[in-house]
Structures are given as C-alpha cells and as structure tokens.
Amino acid sequence: VKMKVFKKLLSLGLVLGLTLSLVGCSGGGEKTKLEQIKDNGKLVVGTSAEFPPFEFHKVVDGKDSIKGFDIMLAEEFAKELGVKVEIKDMSFDGLIGALNADQVDIVLAGMSPTPEREKSVDFSELYYLSRNAVIVKDADIDKVKTEDDLKKLRVGVQAGSIQEEYVVNTLKMTTTKSLKAIPDLITELKNGNIDAVVTNEAVSLINVKKYDGIKMANTEVGKDVTEGMAAAIKKSDNNKDFIELLNKKIKELQDGKKIEEFLNEASTEAASN
C-alpha cells in the first residue's frame, strides 16, 4: 500500500513539476521590441518625406529614394542593432497611429515630444533642438516684427506640426492654412495665397536657399518657441531596452559632433535636390 501511495505521490509530483515548468515557459515569454527588431533583421522607420533637410524625396539612379538627416540617424540606429533599414513614407499626421498599430518600429520625422503626443507614445532623448522662423517674400522681409504683425497675415503651417500648434493655440489665429508638405506651403506663398510660412529654422534655411523670391523674415517672432526633435516609440514595457539603446546612440553622436555633420550634409543635399 505504501508503495502505491508513493508511486501516486511521485506521479503527482512529476505532473505538478511539468505544469509549473510549462507555466514558467509561457509567462514572460513575449520578446522585447529590441529582440523583435533583431529577429526581423530590419528596423522599420515611419517618416513623412516632405520635410527637408530632415526627410525628402530624391531620385537616385533613376529611382525615387528618401534621404535626409532622420534617415542618416535611422541608419546609425540600425548599424548599432546590426540590422537593415526599411522606410515607410506616410502623412505626418498618420505616423503615431501607424506606430501604435505596429506598422513601424520607430518614428523619425522631425517630431517634437509635445505633452499631447506624450500621452500616446514614448520619446527618446532630444537629438536636435531648433527655433522657429518665418518665411516671407523678398519684399516683406521687414514686415513681421511682432506677433501682432503676424496675426494680421495669412499664415501657412505644416499640418500636425508644433508651428501649427503655436499659431492656432498660442496666437489664436484663424487666418491660417495647414498643408501636409512644406514645398506646397512655399508654392502657396509664391502664388500669393498666403503671406508667410512659419516653420523650423533649419527647414527655413533650406527653402530660402532652394527657392528664389523668398527670405527668412528679420524677426524674433516665434523664436522663443524652441522645437526639440526626438524618436517616437510605442508605449510598452517591452520597449525600455530599445529606448535605452537609442538614447545611448544619440549621446554618442552628439558627443562626436556627428549630429551637426549629418545636418550639414543633409542640408546641402536637400538644397541641390
């Protein structure tokens, strides 16, 4: 009898041990984002290629390619991970949705970590900090001295940008036009459909180099509104090691003066595009 009881207990112990083992395997088995990227062999980057010098279309060997500062940054991240880069181009206002739907691993699109966006996604440390600028026609270079001057004008901004938030929410302007692409805003300015474009300082420099008849206004308007740019990542406990790697690489690039180098290279390429 004792032997039978012992065998039953032994059998029960083996079953219990196997069950616990299976539970242990299933619990915590979900891979981190970093592991998923490495397994896939690619870093899928969401961007909106209408924001030179950060991202823009360029024909290379007869084929349309996406170039720019953020693409160079993506390549550095991918190199650190030992994977390739895949770029997905879409409208700027659709990027966060794509990130949260797992269509992309990361967003690199000159995106600023605003409080509203931080409700939806996590951000890396800032990799670039720029001020705002106002683009006008040559004859209007001294026309925008104050915010009150700007409020009297028809102003163009990129849809979903921090500049749109500035003119609509801070200045409470109603005479604004929001478009998806900066080149479209420049066309509207040159055609007389708007009087000014408020955008990032680096973007302004590129456009005044590229297009005749426009200049950056002699003004301090909006320059106290700094625009920090960061990589956006989906909110998840599985993404912590991914963010740590991004922050480590950003600091390394900043310390090595590579950020300025990338921006200069991208600006030159964008202006000649």
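The numbering scheme is per chain: residues are counted from 1 as the chain's sequence reads. Residue-level local features of this predicted model are given only where pLDDT is at least 70; pairs of side-chain atoms are given and counted only at 80 or more, and the full residue set underlies all totals for whole chains, interfaces and linings. In computing side-chain properties, one takes all heavy atoms of the structure into account and sets aside hydrogens as well as water.

Chemist: Can you lay out the overall build of the chain for me, pointing to particular residues and giving the numbers?
Modeler: When helices and strands are tallied, the chain shows 11 helices and 14 strands. Accessibility here uses a 1.4 Å probe with only protein chains present; expressed as a share of the type maximum, an area under 20% marks a residue as buried, one over 50% as exposed, and anything in between as partly exposed. Across the 273 residues in the chain, those meeting the buried criterion constitute 45%. Nonlocal contacts in the chain, meaning residues at least 24 apart in sequence, comprise 72% of its contacts between residues at least 6 apart. Computed with a 1.4 Å probe, the accessible areas rest on the Shrake-Rupley method; for each residue, only the protein chains presented here act as cover. As displayed, the chain offers around 14,000 Å² of accessible surface, 52% of which is attributable to carbon and sulfur atoms. Only DSSP runs of H or I with at least four residues qualify as helices, and only runs of E with at least two residues qualify as strands; both kinds are numbered from the N terminus onward. Here, two residues are considered to be in contact whenever any of their heavy atoms come within 4.5 Å of each other.

Chemist: Can you tell me about helix 8 (residues 182-190), naming the residues and giving the values?
Modeler: Among all positions of helix 8, only Ile182, Leu185, Ile186, Glu188 and Leu189 are buried. The buried residues of helix 8 occupy one face: seen down the axis, they fall within an arc of 160 degrees. Backbone geometry just downstream of helix 8 places glycine 192 in the positive-phi region, at approximately 80 degrees. Each C-beta atom gives one direction from the helix axis, and the arc is the one those directions make.

Chemist: An account of the nonpolar core is requested, with residue identities and associated values reported.
Modeler: Among buried residues, those of type Ala, Val, Leu, Ile, Met, Phe, Trp, Tyr and Cys that are joined through side-chain atoms within 4.5 Å constitute a nonpolar core. Formed by 41 residues in total, the largest nonpolar core has its most connected members in Leu43, Phe54, Phe69, Ile106, Leu108 and Phe242. Those elements that provide at least two residues to this core are helix 2 (33-40), strand 1 (42-47), helix 3 (69-81), strand 8 (128-137), helix 8, helix 9 (201-210), helix 10 (240-255) and helix 11 (258-271). If one sorts the elements of this core by residue count, helix 3 sits on top with seven residues. The contacts of leucine 108, once residues within four sequence positions are left out, are Val45, Gly46, Thr47, Glu55, Asp70, Leu73, Ala74, Phe77, Tyr127 and Ala231.

Chemist: Report on the side chain of threonine 199, specifying residues and quantitative values.
Modeler: Checked against the element boundaries, threonine 199 lands in strand 11 (residues 196-200). Every residue in contact with threonine 199, bar those within four places of it in the chain, is listed here: Phe51, Arg131, Asn132, Ala133, Ile135, Gln163, Ile182 and Ser204.

Chemist: How would you explain the sheet that holds strand 2 (residues 50-51) if you had to name every residue and give the values?
Modeler: Here three strands make up an open sheet; going across it, the order is 2-3-4 and the pairing antiparallel. Edge positions in the sheet fall to strand 2 and strand 4 (63-67), since each has one partner strand and no second. Where strand 3 (residues 55-60) meets strand 4, five bridges bridge the pair, whose relative direction is antiparallel. Within strand 4, the residue paired with histidine 57 across the bridge is isoleucine 66. At least two DSSP bridges between two strands are required for those strands to pair.

Chemist: Could you give an account of the packing of helix 3 against helix 10, naming the residues involved and the relevant values?
Modeler: A fitted line through C-alpha atoms serves as each axis, taken over the contacting stretch for helices, and the angle formed by two N-to-C directions is quoted from 0 to 180°. Between helix 3 and helix 10, whose axes approach to 10 Å, the crossing angle comes to 120 degrees. Regarding the angle of helix 3 to helix 10, the classification is oblique. Helix 3 and helix 10 meet at a crossing whose hand is right-handed. Where helix 3 approaches helix 10, its residues Leu73, Glu76, Phe77, Glu80 and Leu81 are matched on the opposing element by Phe242, Leu245, Leu246, Lys248, Lys249, Ile250 and Leu253. In this count, Pro and Cys sit with the nonpolar residues alongside Ala, Val, Leu, Ile, Met, Phe, Trp and Tyr, while Asp, Glu, Lys and Arg are called charged and the others, Gly among them, polar. Split into classes, the residues belonging to the contact of helix 3 with helix 10 amount to eight nonpolar, no polar and four charged. Orientation labels follow simple angle bins: below 35 degrees gives roughly parallel, above 145 gives roughly antiparallel, 65 to 115 gives roughly perpendicular, and whatever is left gives oblique. Put simply, a crossing is left-handed when the front helix is turned counterclockwise from the back one by less than a right angle, and right-handed when it is turned clockwise.

Chemist: Summarise the pattern of salt bridges; cite the residues concerned and give the values.
Modeler: Basic side-chain nitrogens of Lys or Arg form a salt bridge, by our definition, when they fall within 4 Å of a carboxyl oxygen of Asp or Glu. Counted by the stated rule, this structure contains 18 salt bridges. A salt bridge links glutamate 76 to lysine 249, with the shortest nitrogen-to-oxygen separation between them at 3.8 Å. Remark: lysine 249 occurs in helix 10 and glutamate 76 occurs in helix 3; sequence separation between them is 173 residues. Both residues of the pair, glutamate 76 and lysine 249, count as buried. For lysine 251, the salt bridge identified is with aspartate 255, shortest N-O distance 2.7 Å. Of the two residues, lysine 251 and aspartate 255 are both situated in helix 10; the distance of four residues between them amounts to about one turn of the helix. Under the relative-accessibility criterion, aspartate 255 is labelled exposed at 51%. What emerges from the salt-bridge pattern is a single network uniting Glu76, Lys79, Glu80, Lys248, Lys249 and Glu252.

Chemist: Summarise unusual backbone geometry; cite the residues concerned and give the values.
Modeler: Keep in mind that most residues, glycine aside, have a negative phi and that most peptide bonds are trans. That bond from proline 52 to proline 53 is cis: its omega, 10 degrees, falls within 30 degrees of zero. Looking at the element boundaries, proline 53 is found in the loop between strand 2 and strand 3. Positive phi outside glycine occurs at aspartate 61, with the angle close to 55 degrees. Tracing the sequence through the fold places aspartate 61 in the loop between strand 3 and strand 4. If you check the backbone angles, aspartate 102 has positive phi at about 60 degrees while not being a glycine. Position of aspartate 102 relative to the elements: it lies in the loop between helix 4 (95-100) and strand 6 (106-107).

Chemist: Residues and numbers for the packing of aromatic side chains, please.
Modeler: A pair of aromatic rings is counted whenever rings of Phe, Tyr or Trp (Trp by its six-membered ring) have centres within 6.5 Å, and the orientation is called stacked for planes under 30 degrees apart, edge-to-face for over 60 and tilted otherwise. With the rule as written, the count across this model stands at five aromatic pairs. Here the aromatic rings of phenylalanine 54 and phenylalanine 69 are separated by 5.7 Å at their centres, their planes lie at 80 degrees, and the arrangement is edge-to-face. Of this pair, phenylalanine 54 sits in the loop between strand 2 and strand 3 while phenylalanine 69 sits in helix 3, placing them 15 residues apart in sequence. Each of the two residues, phenylalanine 54 as well as phenylalanine 69, counts as buried.

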